[in-house]
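# Working through the structure, step by step
Single-letter residue listing:
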Amino acid sequence: MGGIHNLPVLEADVLEGHIFAFEYRDAKWSWEPPAAVRLRVDRKAVAEAGGFRTPYKAQYLRAEPSSGIQPRQEYVYKVLLDTAIKEQMATEKAFLGKDSQLEQVEVGQAMNRKAVQAQVVAAQLCSLFAEKLPIDFENKPMVITPYLFMGTAGVSAIIEQFLPGLFQKYIGNEMVEEAEGDGRSEFREAALALAHYSYEYSKGKLIITDLQGVGNLLTDIEVSTDELIGEDGSILFAAGNCSKIAIENFQKTHTCNYICNELGLKGVSTTATVEADKESSAPTTSTEDKQ
């Protein structure tokens, strides 16, 4: 394995650290008290590296009940790529006009925190969307819960439920629909409608992108926002925030399907039209951690 965040795994496949959850309702982390965990992490990746992280299968050895980690359940330990961290640092310099004052390890920690936050926000929107689907709708989409792992020497990673089975991608980061390998299934239609729902719910301020997963369980979700820079002067959400590119692609290409119509979602407007309708705040979270 390569990468500054997983050097301890090279020396030993048992990691000790703490697990932190991000609470959507209170928009804060569970910093206190920290939940201690001990994990056994496979040295061989369970799948090829994605755009930002390499996944390794992990098993619980010991965990406090407050950690959210369950015995006898398999997890995946996602390690940031060095190239992803360097690209993020270059992006921040380009958009913020200054070099990061953080070390590479600290930038990686911030990227993992924001990725967890983005998926938690996506999970909340997905839950609201699923509630609106008919009771008899099979396989309602659900976004799995991610956790932030912090180990020794600045090691950080994302831990979440391992999803065995065929991994299917429906929509990419830039809101471009992926090739149909599932025969235009009902779930694919639901995923497209979920993106539309998130866009309308936020009054065009954000959209859920990178919809992918196994069965009805979604993971590695990104959130793209109309405004890339937040009030605190940092880039909103995770490294996969494609901002206006994703939103404008959605506006140009989305065609409402029968689920959009059944839920009463409005036809997609252009950016100019949406700007006039932005009055309420979107369900975003500050990138500044509340403690």
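Here, the structure is the one placed above.
To keep things clear, this report deals only with the structure shown in the data block. What you see is a predicted model, and the numbers here were worked out from it, not measured in a lab.

Another aspect to go through is the overall build of the protein. Broken down by element type, the protein carries 7 helices and 14 strands. For the protein, the accessible area works out to roughly 14,200 Å², and carbon and sulfur atoms hold 48% of it.

Taken together, 6 strands build a closed barrel; the order of strands is 1-4-5-6-9-8 and the barrel is antiparallel. Within this sheet the neighbouring strands show an average axis-to-axis angle of 45°, counted without direction. Here strand 6 (residues 74–80) pairs with strand 9 (residues 156–161) via 4 bridges, running antiparallel. When the sheet's bridge partners are listed, Tyr75 is paired in strand 9 with Gln161.

With the exception of glycine, most residues fall at negative phi, and the peptide bonds are largely trans. Located in the positive-phi region is Ala27, a residue other than glycine, with phi close to 50°. When you line up the elements, Ala27 lands in the loop between strand 2 (22–23) and strand 3 (28–29). Residue class for Ala27 comes out buried when judged on its relative accessible area of 19%.

Across all of its chains, the model carries 6 aromatic pairs by this definition. Where Tyr199 meets Phe250, the ring centres are 5.0 Å apart and the plane angle is 55°; that geometry is what we call tilted. Of this pair, Tyr199 sits in helix 4 (residues 186–201) while Phe250 sits in helix 5 (residues 243–253); the two residues are 51 residues apart in sequence, bridging distant segments of the chain. In this pair, the class of Tyr199 matches that of Phe250, namely buried. Among the aromatic side chains, those forming a connected cluster through ring pairs are Phe129, Tyr197 and Tyr201.

Okay, the packing of helix 2 (residues 82–96) against helix 3 (residues 104–132) next. When two helices pack together, their arrangement is given by the angle between the helix axes and by the axis-to-axis distance. At a closest axis distance of 10 Å, the pairing of helix 2 and helix 3 adopts a crossing angle of 90°. Put simply, helix 2 runs roughly perpendicular to helix 3. Contact residues: helix 2 offers Asp82, Ala84, Ile85, Lys86, Gln88 and Met89, while helix 3 offers Gln104, Val107, Gly108 and Met111. Here the contact of helix 2 with helix 3 is built from residues that sort into 5 nonpolar, 3 polar and 2 charged.

In this section: the pattern of salt bridges. Under the counting rule described, the total for this entry stands at 9 salt bridges. Taking the shortest distance from any N to any O, the salt bridge between Arg62 and Glu16 comes out at 3.8 Å. In this pair, Arg62 is assigned in strand 5 (residues 53–63) and Glu16 in strand 1 (residues 14–20), connecting sequence segments 46 residues apart. Note that Lys78 and Asp220 form a salt bridge whose closest N and O atoms lie 2.4 Å from each other. Linking Lys78 in strand 6 with Asp220 in the loop between strand 13 (217–218) and strand 14 (222–225), this pair joins segments that are 142 residues apart in sequence. Residue Asp220 is classed as partly exposed on the basis of its relative accessible area, which comes to 31%. Each of the salt bridges in this network shares a partner with another, and the network as a whole consists of Glu16, Arg38 and Arg62.

Before going further, it helps to spend a moment on the environment of Leu102. Mapped onto the elements of the fold, Leu102 is located in the loop between helix 2 and helix 3. Judged by its relative accessible area of 39%, Leu102 falls in the partly exposed class. Measuring from C-alpha to C-alpha, the distance between Leu102 and Met89 comes to 9.3 Å, with 13 residues separating the pair along the chain. Excluding anything up to four places from it in sequence, Leu102 contacts Met89 and Val107.

This next bit is on the side chain of Thr225. For Thr225, the position within the fold is in strand 14. Polar side-chain contacts of Thr225 include one of 2.8 Å to the backbone oxygen of Glu227. Within the local environment of Thr225, its side chain forms a polar contact with the side chain of Asn241, the two groups lying 2.9 Å apart. Each residue touching Thr225, except ones within four places of it in the same chain, is listed here: Lys205, Leu206, Leu236, Phe237, Asn241, Ser243, Lys244 and Ile247.

Another aspect to go through is the pairing of strand 6. For strand 6, a buried count of 6 out of 7 residues is recorded, marking the element as mostly surrounded by other parts of the structure. One ladder, built from 7 bridges, connects strand 5 with strand 6; its direction is antiparallel. Its bridge partner being in strand 6, Thr54 is matched across the sheet by Val79.

Scoring rules and cut-offs
Residues numbered from 1 in each chain as written. Predicted model: local features only at pLDDT ≥ 70, side-chain atom pairs only at ≥ 80, totals over all residues. Heavy atoms only, no water. Helix = DSSP H or I, 4+ residues; strand = E, 2+ residues; numbered from the N terminus. Areas by Shrake-Rupley, 256 points an atom, 1.4 Å probe, with all protein chains shown as cover. Pairing = 2+ DSSP bridges. Axes fitted to C-alpha atoms, helices over the stretch in contact; angles between N-to-C directions. Buried < 20%, exposed > 50% of the residue type's maximum accessible area, 1.4 Å probe, protein only. Phe/Tyr/Trp six-rings, centres within 6.5 Å; stacked < 30°, edge-to-face > 60°. Parallel < 35°, antiparallel > 145°, perpendicular 65-115°, else oblique. Contact = heavy atoms within 4.5 Å. Nonpolar A, V, L, I, M, F, W, Y, C, P; charged D, E, K, R; others polar. Salt bridge = Lys/Arg side-chain N within 4 Å of Asp/Glu carboxyl O. Polar contact = N/O pair within 3.5 Å; in protein donor to acceptor, adjacent residues only side chain to side chain.

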